[in-house]
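# Close look at the chain arrangement
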Amino acid sequence: MHNSEKEKIELEHQAAKLFMRCYERNTGKHIRHIWHNDPIRPDVSCMLEGERLDLEIAHLYGSEEEAMEILGRDLTSVTRNVLRALKEEPADERLLRSLNKILENKSGKQYDSTRVWLVIRNTHPAWSQADIKALEHLIIMPVPHAFEKVWILGDIEGKSGIVRIYP
């Protein structure tokens, strides 16, 4: 397994654990036992009150260049120039565009699962749970899609909790 694949799995597990902690705190419902799945299935599976639930995990970075910066990669001068240009664009427009792009990409997927929730972890330091809530009415949930529910983890550490954006 390549380092990038290991890192992706680690990030998905972190996001799933943070989501489950927030969900349990909010609802009082027990959600436990995570394990990783093969690509045909959603990323992570767990048990919600004794029933299997699959979680598809996505990370909201803003752009590939910002992801590299957030993940602490060595940045080329081209990447740095793109980052500078991005910072001049209105943050809420970029947030909405990035979020709708994730929803569009994920809605096209089919999963070998009866019950899937999409969990999007916001990693962008300029965006907060409040920003996401303020744009909720502009978020486009494509039809058809495979998700019973769609949640956003408000920040990289899960401190601001979760927001359900669908249904």
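Scroll up to find the structure.
We now turn to the structure provided with this report.

Taken as a whole and judged by the stated rule, the model has 10 salt bridges. With a shortest N-O distance of 3.1 Å, Asp54 and Arg41 are connected by a salt bridge. Linking Asp54 in strand E3 (residues 51-60) with Arg41 in the loop between strand E1 (31-36) and strand E2 (44-48), this pair joins segments that are 13 residues apart in sequence. Asp112 is paired through a salt bridge with Arg41; the nearest N and O atoms lie 3.6 Å apart. In this pair, Asp112 is assigned in the loop between helix H4 (91-107) and strand E4 (116-122) and Arg41 in the loop between E1 and E2, connecting sequence segments 71 residues apart. One network of salt bridges, with partners in common, ties together Arg41, Arg52, Asp54 and Asp112.

What follows covers the sheet that holds strand E6 (residues 162-166). The sheet built from six strands is open, its strands ordered E1-E2-E3-E4-E5-E6 with mixed pairing. Lying at the two open borders of the sheet, with one neighbouring strand each, are E1 and E6. Going from strand to strand, the sheet's axes swing by 30° on average, the running direction of each strand aside. Strands in contact with H4 are E3, E4, strand E5 (149-153) and E6; relative to E3, the strand with the most contacts, it is inclined by about 135°.

Let us now look at the packing of aromatic side chains. Applying the stated criterion across every chain yields a total of seven aromatic pairs. Look at Tyr23 and Trp151: their rings are 5.6 Å apart centre to centre, the planes differ by 85°, and that puts the pair in the edge-to-face class. Of this pair, Tyr23 sits in helix H1 (residues 3-27) while Trp151 is found in strand E5, placing the two residues 128 residues apart along the sequence. Here Tyr23 matches Trp151 in class, with each residue buried.

Following Val143, the chain continues to Pro144 via a peptide bond in cis, the omega torsion being 0°. Structurally, Pro144 is set in the loop between helix H5 (129-134) and E5. Phi is positive for Glu49, close to 50°, though the residue is something other than glycine. Its place among the elements puts Glu49 in the loop between E2 and E3.

What counts as what
- Counting restarts for each chain, with residues numbered from 1 along the sequence as it is written.
- Totals for whole chains, interfaces and linings use all residues, but because this is a predicted model, local features are given only for residues with pLDDT of at least 70 and pairs of side-chain atoms are given and counted only at 80 or more.
- Water and hydrogen atoms play no part in the side-chain values, which are based on all heavy atoms of the structure.
- Note on definitions: salt bridges are taken to be side-chain nitrogens of Lys or Arg within 4 Å of carboxyl oxygens of Asp or Glu.
- A run of H or I in DSSP counts as a helix once it spans at least four residues, and a run of E counts as a strand once it spans at least two, with each numbered from the N terminus.
- Should DSSP find at least two bridges between two strands, the strands are regarded as paired.
- Lines fitted to C-alpha atoms define the axes, with helix axes restricted to the stretch in contact, and inter-axis angles between N-to-C directions lie between 0 and 180 degrees.
- Residues count as neighbours in contact if any of their non-hydrogen atoms are within 4.5 Å of one another.
- Stacked, tilted and edge-to-face are the three classes assigned to paired rings of Phe, Tyr and Trp, where Trp is represented by its six-membered ring and a pair needs centres within 6.5 Å; plane angles under 30 degrees give stacked, over 60 edge-to-face, the rest tilted.
- Each residue's exposure class comes from its accessible area (1.4 Å probe, protein chains only) as a fraction of the maximum for that residue type: buried when under 20%, exposed when over 50%, partly exposed otherwise.

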